[in-house]
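What follows is the residue order along each chain.
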Amino acid sequence: MTMKTIFLACCSPVLLVGCATTQTASSGSDSLVFTGFSQQTDGGQYHGGTGLVCPPALMNLPISDQREYGTDATDASCSYRAEDQFATIYFSKLNETFQSNFQGSVASILQGPLGEKTEFDEETTQTCQLGGLLTAAVTPSEDADGAKSSEPYAFETAVFSSSDLVTILQLTELDKKFLKLRYTRLNAPSSEGVNSCIEGSAALRSVYNLTRERGLR
């Protein structure tokens, strides 16, 4: 399987099960709807069913798509893409425990198209987890008045790499749901894993802050 085939397979909408039609507010509107997505004045997206707030760009990638899942629109995602990079933010209800959801996300990568070309990178994962926690620690949450939040923040990381491919998986918990970042960079040496992971940690924390302070108020 070629790298291009892997990219198309992972991004193909047919692999995104249970996708529902989204509703988009008129351009430039800040009004929040209770189902579907509404576009914000900054170009980002808000999902009224879950409270997910997606910025217009993530890890220097422009937003390209947004989807909701389930008959009750209980889960949502926003995708970001460039030529050789793609990232997706998911906000979904917890099934059982946070750890079981994390392990399930790891298994879905290992058993999917990317699993045929990558391996779990334990050393990079440990480095990324530490570096990401430090990054998150200096990116504190703020309330609407700018006050710093003392709410603890923790997440889990897994890095998968090969000679020319890096995939980052990160999960954190928010409002009894899990917020997940999945990022893949093609034509990237495994040495890029640490940098990509730390950037991903900052991106996940940013979406966490936006969703907590704006989407769930």
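Residues numbered from 1 in each chain as written. Predicted model: local features only at pLDDT ≥ 70, side-chain atom pairs only at ≥ 80, totals over all residues. Heavy atoms only, no water.

This brings us to the state of the cysteines. Tallying each qualifying case throughout the model produces one disulfide. Between the sulfur of Cys 54 and that of Cys 78 lies a disulfide, 2.0 Å long from S to S. Sign of the S-S torsion, about 85° for the bond between Cys 54 and Cys 78, identifies this disulfide as right-handed. Placement of the pair is Cys 54 in strand S4 (residues 53-54) and Cys 78 in strand S7 (residues 75-81), with a sequence separation of 24 residues. (Disulfide = S-S within 2.5 Å. Helix = DSSP H or I, 4+ residues; strand = E, 2+ residues; numbered from the N terminus.)

A separate point is the sheet that holds strand S2 (residues 37-39). An order of S2-S3-S4 is seen for the three strands of this open sheet, with the pairing classed as antiparallel. Looking at the sheet topology across the chains shown, the edges are occupied by S2 and S4. Pairing of strand S3 (residues 45-47) with S4, which is carried by two bridges, proceeds in the antiparallel orientation. Opposite Gln 45, over in S4, you have Cys 54 as the bridge partner. (Pairing = 2+ DSSP bridges.)

Turning to the packing of aromatic side chains, a few remarks are in order. Considering all chains together, one arrives at one aromatic pair under this definition. Plain terms: the ring middles of Phe 120 and Phe 160 are 6.0 Å apart, the flat faces sit at 65° to each other, and that makes the pair edge-to-face. Placement of Phe 120 in strand S9 (residues 119-120) and of Phe 160 in strand S10 (residues 155-162) is noted, with a sequence separation of 40 residues between them. For Phe 120, a relative accessible area of 42% puts it in the partly exposed group. (Phe/Tyr/Trp six-rings, centres within 6.5 Å; stacked < 30°, edge-to-face > 60°. Buried < 20%, exposed > 50% of the residue type's maximum accessible area, 1.4 Å probe, protein only.)

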